[in-house]
Every structure is written in structure tokens, then in C-alpha cells.
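# Residue-level structural notes
Spelled out, the chains give:
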Amino acid sequence: MIDGPYFVLIVAGVLGTGVVAGVFCGFSTFVMRGLAALPPAQGVAAMNAINVSAVTPAFMLVFAGTAVLCAMIAVVTFVLWPDEGKVELLLGSALFLFGSFGLTLVANVPRNDALARVEPGTPEAAAYWPTYVREWTMWNHVRTVASAAAAVVYLLALS
């Protein structure tokens with residue numbers, strides 16, 4: 001059984017990946033639906049405001065901190081190569097680092113940046129808004145599943 005500081009590290013990884021999954025799930029299931037129901041000018045303005053306010057120390061500590069925890073779990077797993085849970089620990093780390101954190105950088109952030117460049121009341125914004133909502137939400141679903149799967153796989157490593 002995994003114990004000691006390694007156990008604490010993995011439990012922190014479970015909590016971090018689970019919290020991030022919850023945040024992303026909330027966005028996918030009701031925030032984006034609510035924003036999509038608004039007229040494009042209001043939806044664009046609201047999402048741009050959300051994107052600016054999301055980059056808070058609290059959220060970044062949870063999101064980036066979880067990525068650091070997952071990287072630490074992967075490194076410690078490679079160094080210790082435990083008899084139990086190694087596949088699960090490496091898989092959980094990969095799920096979060098690539099399927100959540102990495103995907104954020106290559107799929108969601110570029111869309112946020114593109115949305116920030118359009119003026120809310122313009123025809124350009126109205127044309128881009130439905131595409132943004134559809135694509136951003138699709139990638140957010142993937143981030144949600146990857147984060148939740150990472151938490152589950154880490155839990156399996158502890159059993």
C-alpha cells in the first residue's frame with residue numbers, strides 16, 4: 001500500500017483534479033448554456049469578463065498547483081517505481097497534464113484570446129460567438145472528463 005508523504009501527495013492530486021473537474025463541469029453544464037442563451041453582444045461581453053476574472057490567484061493556485069502536483073506524482077512514481085499503482089499514477093498524471101492543463105493551453109486559451117479581440121456589439125462578434133461557444137464547450141467537456149478520470153485513476157492507485 002502507498003503510504004507516508006507519497007500518500008499525501010496522491011490525495012492532494014485526487015482533490016486537485018476533482019476540484020478542477022467540478023469547475024469545468026459547472027462551466028459545461030450551466031454557465032456556457034446560460035451564456036449561449038444571451039444575445040451575442042451580451043454573451044461575448046460576459047464571457048470576456050469571466051475570462052479576465054478567472055485568472056485569480058485562488059483559481060490559478062488550484063489549476064496550476066494541480067498540474068505541479070500531477071507532475072510531481074509522475075516524477076516520484078518514476079523514481080520510486082512502486083509495486084502497486086504505478087500504471088494508475090502515471091495514467092492519472094498524463095490525463096490531467098495533457099487532457100486538462102495542456103488542452104487548456106492549446107484549445108481553450110486561444111479561443112479566449114480570439115474572443116477578447118472582437119468588439120461585443122459588432123457583426124464579427126455575432127458571427128464568431130456561436131462557433132466559440134460550440135468549440136470552447138466541446139474542449140471543456142474533454143477537460144472535464146480528463147480531470148475527473150485523473151481523480152478516479154489516482155483513487156484506484158490508492159486501493
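Just so it is clear, the model here is predicted, and its values are computed rather than measured. (Residues numbered from 1 in each chain as written. Predicted model: local features only at pLDDT ≥ 70, side-chain atom pairs only at ≥ 80, totals over all residues. Heavy atoms only, no water.)

## Some thoughts on the overall build of the protein
Rules: Numbered from the N terminus, helices here are DSSP runs of H or I no shorter than four residues, and strands are runs of E no shorter than two. When a residue's accessible area, from a 1.4 Å probe over protein chains only, is under 20% of the maximum for its type it is buried; when over 50% it is exposed; and in between it is partly exposed. In this description, accessible areas are obtained by the Shrake-Rupley approach with a 1.4 Å probe, and a residue is regarded as covered only by the protein chains that are shown. Under the counting rule used here, the positive set is Lys and Arg, the negative set is Asp and Glu, and His together with the chain ends is not counted. Where a charge lies is defined by one atom per residue type, namely NZ (Lys), CZ (Arg), CG (Asp) and CD (Glu).
Of the regular secondary structure elements, the protein holds five helices and zero strands. When the elements of the protein are put in sequence order from the N terminus, they spell out α-α-α-α-α. With respect to the three principal axes, the spread of C-alpha positions in the protein is 60 × 25 × 20 Å. The 159 residues of the protein split such that 40% are buried. Only carbon and sulfur atoms are counted for the fraction: they give 76% of the accessible area of the protein, which is about 8100 Å². With 6 positive and 8 negative side-chain charges, the protein shows a spacing of 10 Å between the two charge centroids.

## Side note on the layout of surface pockets
Convention followed: Using only the protein atoms, space was sampled on a 1 Å grid; points where a 1.4 Å probe fits but cannot get out form cavities, open sets with protein on both sides within 12 Å along at least five of seven lines form pockets, and lining residues are those with an atom within 4 Å of a point. Grid points are joined across faces, edges and corners, and a volume is the space filled by probe spheres set on the points.
Counted as a void, the largest pocket has a volume near 500 Å³. Taken together, 23 residues line the largest pocket, and the ones lying closest to its centre are N51, A54, V55, F59 and N112. Secondary-structure elements contributing two or more residues to the lining of the largest pocket are α1 (4-36), α2 (40-54), α3 (57-80), α4 (86-116) and α5 (123-158). If you tally residues by element for the lining of the largest pocket, the top one is α4, at eight residues.

## Comments concerning α4
The condition that has to hold: Here the expected span of a helix is defined as 1.5 Å times the quantity of residues minus one. To obtain the bend at a residue, axes are fitted to the seven residues ending there and to the seven starting there, and the angle between these axes is taken.
Helix length check: α4 (31 residues) gives 42 Å between terminal C-alpha atoms against 45 Å at 1.5 Å per residue, within 8%. At T104, α4 shows its maximal kink, close to 50°.

## Topic: α2
Since one α-helical turn is 3.6 residues long, residues separated by three or four positions face the same way. This is how the line gets drawn: Summarising the geometry, the arc corresponds to the directions from the helix axis toward the C-beta atoms.
Between the first and last C-alpha of α2 there are 20 Å, a value that for 15 residues agrees with the 21 Å anticipated at 1.5 Å per step. Buried within α2 are the following residues: G43, V44, M47, N48 and N51. Take α2 and look down its axis: the buried residues cluster within an arc of 130°, on one side only.

## Description of the side chain of S147
What counts is decided by this rule: Pairs of N or O atoms are called polar contacts if they sit within 3.5 Å, as long as, within protein, a hydrogen donor faces a hydrogen acceptor (for residues adjacent in sequence, only side-chain-to-side-chain pairs). A contact between two residues is defined here by any heavy atoms of the two lying within 4.5 Å.
Note on placement: S147 falls in helix α5. At 2.9 Å, the side chain of S147 forms a polar contact with the backbone oxygen of R143. Setting aside anything within four residues of it in sequence, one finds S147 in contact with T17, V20, A21, F24, F96 and S100.

## Some thoughts on a nonpolar patch on the surface
Inclusion rule: Patches here: salt-bridge-free residues with over 30% relative accessible area, like charges joined within 9 Å, nonpolar side chains (Val, Leu, Ile, Met, Phe, Trp, Tyr) joined within 5 Å. One speaks of a salt bridge when a side-chain nitrogen belonging to Lys or Arg is within 4 Å of a carboxyl oxygen belonging to Asp or Glu.
Taken together, M1, F7 and V8 make up a surface patch of nonpolar side chains, about 320 Å² in accessible area. Residue position: M1 is located in the segment before α1.

## Some words on the pattern of salt bridges
Inspection of every chain in the model, using the stated rule, returns one salt bridge. Ionic pairing is found between E135 and R111, a salt bridge with its closest N-O pair at 3.1 Å. Taken together, the residues E135 in helix α5 and R111 in helix α4 connect sequence positions 24 residues apart. In this structure E135 comes out as partly exposed when scored by relative accessible area, which is 26%.

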